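Residues per chain are reported as follows:
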Amino acid sequence: MLSKIYILVDDLQNVGHFDISKNAKITGGVHLSIIHQVKTFQNLGCEVRVCIIRGNATNEIFDNFKVEKNIDDKLIEGKNFYHTFKHALPNFIRHKLQKFKPDLFITQQYRNWIMRPLYDLGIPTLTMVHSLPLYLWDLRRSKEYEYHKSLGNKVGIVSNYAKKYYVNFYDKKSAKYPNVVKSTPDYVLYPSYCEKYKVEKCIKKVSHISRADRSKDTFLIHDYLKETEFKSNVHTQSYSNPFNEVNDRYLQKNLLKYRDTTKLDFKHKDIMEDIKDSAATFVGLANYDTFTITSLESLSRGIPLLIKSRNNLPHPATEMVENDYKKYIYEFTDRDDFIQKVKEFSKMSLDERQKLADSCYKKMGWENFKKTWNNAALETIKSFKYKNSSLKEFV
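Residues numbered from 1 in each chain as written. Predicted model: local features only at pLDDT ≥ 70, side-chain atom pairs only at ≥ 80, totals over all residues. Heavy atoms only, no water.

For the rest of this paragraph, the subject is the overall build of the chain. Tallying secondary structure elements over the chain gives 15 helices and 13 strands in all. Expressed as lengths along the three principal axes of its C-alpha atoms, the size of the chain is roughly 70 × 45 × 45 Å. Across the 395 residues that make up the chain, the buried fraction comes to 55%. Sequence-distant contacts, at least 24 apart, represent 73% of the contacts inside the chain between residues at least 6 apart. If you sum the accessible surface of the chain, you get close to 18,800 Å²; carbon and sulfur atoms cover 49% of it. For the chain, the centre of its 65 positive side-chain charges and the centre of its 48 negative side-chain charges are spaced 3 Å apart. (Helix = DSSP H or I, 4+ residues; strand = E, 2+ residues; numbered from the N terminus. Buried < 20%, exposed > 50% of the residue type's maximum accessible area, 1.4 Å probe, protein only. Contact = heavy atoms within 4.5 Å. Areas by Shrake-Rupley, 256 points an atom, 1.4 Å probe, with all protein chains shown as cover. Lys, Arg positive; Asp, Glu negative; His and termini not counted. Charge placed at Lys NZ, Arg CZ, Asp CG, Glu CD.)

As structure tokens, then:
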């Protein structure tokens, strides 16, 4: 039985507005996932604590490394974060774990320099993978994951799209480099759930929500829908987060053109209210994307999608509805094709939009989310205890 859960937020996630209420200001899919993890385990009767590393957010369930250690923003946001805190941060987390004594430790990413000093505490750990392996340092990550699993811990990933990419990546790299090993996540655990919605009648509006990023094509619908009957409705942030010079230039350049028609820094609740009558939503796919929370937010409100895919794999949005409704997730080829499909989607009946929303809820609703996360948590604890009892018997 679960009674205590300790959740570690990825060290790259700047948590400045962490709120588990419906009026939260969400700064990305991982942020929302943590909120949903907290709510789920609290609903299951667990005491939950959350460790955040960057940001000024405070909450009664938080342990805040930056605030408690009174660390200057320039240090916590700097490029030398690892070298500055490679001892202090694991020691901080260690102290909190020893004090709280959780049944399960959930991390939102694997950091070898954080995890290695914590293994001797003997706490079962479920590590989530929210990003795709893309970089040179990811080559060693599969060996670290497999060692992590060898101790009885488990690894979850947030979509079948991400799992297929992950497995393919390490299969190919292991064939090329002898020091890279094959690796497979233990679970696909969708990072967020949706509620059941009554859909709204649509107007001639197409929406897009993302942090400003060229690879997400944040301002594409502004370009595509100029001089058409459809309004482009873009929500983004007034700064790149985490800071990225390329994306910041992309943001500032497009704000010069589209500032009057771009909505900046809205709260999550207000964004959801604003998009609910959209004829369609455009969802780009960055090279690091694994789930696309905006797909779930739209489909659950009966809003069809226009998408871009990557890596010769089905877009993760296709996992969020039943087969009969995948026709409302459309990969367009060019501007003319995009506009033509928007016109078609704008003519969907209210009844068909409700069926789309209901299909999404059937697959991605609260009950399924709670069940799969609870099962993964219990199985991780069971796996860890079995592995460690077997080792003791062997010794």
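Further notes follow.
With that out of the way, let us pick up the sheet that holds strand S8 (residues 205-209). Sheets are built from strands paired through backbone hydrogen bonds, the pairs being either parallel or antiparallel. Spatial strand order, S10-S9-S8-S11-S12-S13: 6 strands in an open sheet with parallel pairing. The sheet is open, and its two edges are formed by strand S10 (262-264) and strand S13 (329-331), each paired on a single side. For this sheet the average axis-to-axis angle between neighbouring strands, irrespective of direction, equals 25°. Sitting on the sheet, helix H13 (residues 335-345) touches S8, strand S11 (280-283), strand S12 (305-307) and S13, and the angle it makes with S12 is about 165°. (Pairing = 2+ DSSP bridges. Axes fitted to C-alpha atoms, helices over the stretch in contact; angles between N-to-C directions.)

The 7 strands are arranged S3-S2-S1-S4-S5-S6-S7 in an open sheet whose pairing can be described as parallel. Either end of the sheet is taken by a strand with one partner, and the two such strands are strand S3 (62-64) and strand S7 (187-188).

Relative to the helices and strands, serine 207 is located in strand S8. One polar contact links serine 207 to serine 278, side chain to side chain, over a distance of 2.7 Å. Apart from residues lying up to four places away in sequence, serine 207 is in contact with Ile221, Asn233, Ile275, Ser278, Ala280, Thr281 and Phe282. (Polar contact = N/O pair within 3.5 Å; in protein donor to acceptor, adjacent residues only side chain to side chain.)

A word on the pairing of S11. Every second residue of S11 is oriented toward a common face, with Ala280 and Phe282 on one face and Thr281 and Val283 on the other, all of them buried. Bridging between S8 and S11 involves 2 bridges; their strand directions are parallel. Residue serine 207 lies in a different strand from S11, and its bridge partner there is threonine 281. Pairing of S11 with S12 involves 3 bridges; the strand directions are parallel. By the bridge assignment for S12, threonine 281 is matched with leucine 305. In this view, the connection linking S11 to its parallel neighbour S12 by way of helix H12 (residues 293-299) has right-handed handedness. (Right-handed = clockwise from strand over helix to strand, strands pointing away.)

Moving on to the packing of aromatic side chains. Inspection of the entire model under this criterion finds 27 aromatic pairs. Judged by centre distance (6.5 Å) and plane angle (80°), the rings of phenylalanine 41 and tryptophan 373 are edge-to-face. You can see phenylalanine 41 sitting in helix H1 (residues 29-43) and its partner tryptophan 373 sitting in helix H15 (residues 366-394), a full 332 residues away along the chain. Among the aromatic side chains, those forming a connected cluster through ring pairs are Phe65, Phe81, Tyr82, Phe85, Phe92 and Trp113. Across the ring face of phenylalanine 100, the terminal group of lysine 4 is positioned such that the distance to the ring centre comes to 5.0 Å. (Phe/Tyr/Trp six-rings, centres within 6.5 Å; stacked < 30°, edge-to-face > 60°. Lys NZ or Arg CZ within 6 Å of the ring centre and 35° of its normal.)

Before going further, it helps to spend a moment on the packing of helix H7 (residues 138-150) against helix H8 (residues 160-176). Interhelical geometry of H7 versus H8 gives an angle of 105° and a closest axis separation of 10 Å. Between H7 and H8, the angle falls in the class roughly perpendicular. Here Asp138, Leu139, Arg141, Ser142 and Tyr145 of H7 come into contact with H8, specifically with Tyr166, Phe169, Tyr170 and Lys173. (Parallel < 35°, antiparallel > 145°, perpendicular 65-115°, else oblique.)

Our focus in this paragraph is the side chain of histidine 268. Note on placement: histidine 268 falls in helix H11 (residues 268-275). On the basis of relative accessible area, histidine 268 is assigned to the buried category, the value being 17%. For histidine 268, the side chain forms a polar contact with the side chain of glutamate 297, separated by 2.7 Å.

With that settled, the discussion passes to the pattern of salt bridges. The tally for this structure, following the rule as stated, stands at 22 salt bridges. Among the ionic pairs, arginine 94 bridges to aspartate 120, the shortest N-O distance being 2.8 Å. Linking arginine 94 in helix H5 (residues 88-100) with aspartate 120 in the loop between helix H6 (112-115) and strand S5 (125-129), this pair joins segments that are 26 residues apart in sequence. A salt bridge links lysine 204 to glutamate 229; its shortest N-O distance comes to 2.4 Å. Taken together, the residues lysine 204 in the loop between S7 and S8 and glutamate 229 in the loop between helix H9 (220-224) and strand S9 (231-236) connect sequence positions 25 residues apart. Lysine 204 sits in the partly exposed class, given a relative accessible area of 46%. Members of the salt-bridge network, linked through shared partners, are Arg49, Asp63, Glu68 and Lys96. (Salt bridge = Lys/Arg side-chain N within 4 Å of Asp/Glu carboxyl O.)

Before going further, it helps to examine H11. Taken together, the buried positions of H11 are His268, Ile271, Met272, Asp274 and Ile275. Summarising the axial view, the buried residues of H11 lie within an arc of 160°, below the 170-degree limit, and thus occupy one face. Those residues of H11 that are buried lie in contact with H1, S8, S9, S10 and H12. (Arc of directions from axis to C-beta.)

Attention now goes to the nonpolar core. Within the largest apolar cluster, 62 residues are counted, with the highest numbers of intra-cluster contacts made by Ile5, Phe41, Val50, Leu299 and Phe338. Of the residues forming this core, the biggest block, 6 residues, is contributed by H15. Apart from the residues lying within four places of it in its own chain, the contact partners of valine 50 are Ile7, Val9, Ile34, Val38, Ile61, Phe62 and Asp63. (Core = buried A, V, L, I, M, F, W, Y, C linked by side-chain atoms within 4.5 Å.)

Moving on: the environment of phenylalanine 100. When you line up the elements, phenylalanine 100 lands in helix H5. Measuring from C-alpha to C-alpha, the distance between phenylalanine 100 and isoleucine 5 comes to 9.0 Å, with 95 residues separating the pair along the chain. Setting aside its immediate chain neighbours within four residues, phenylalanine 100 contacts Lys4, Ile5, Tyr6, Glu47, Val48 and Arg49.

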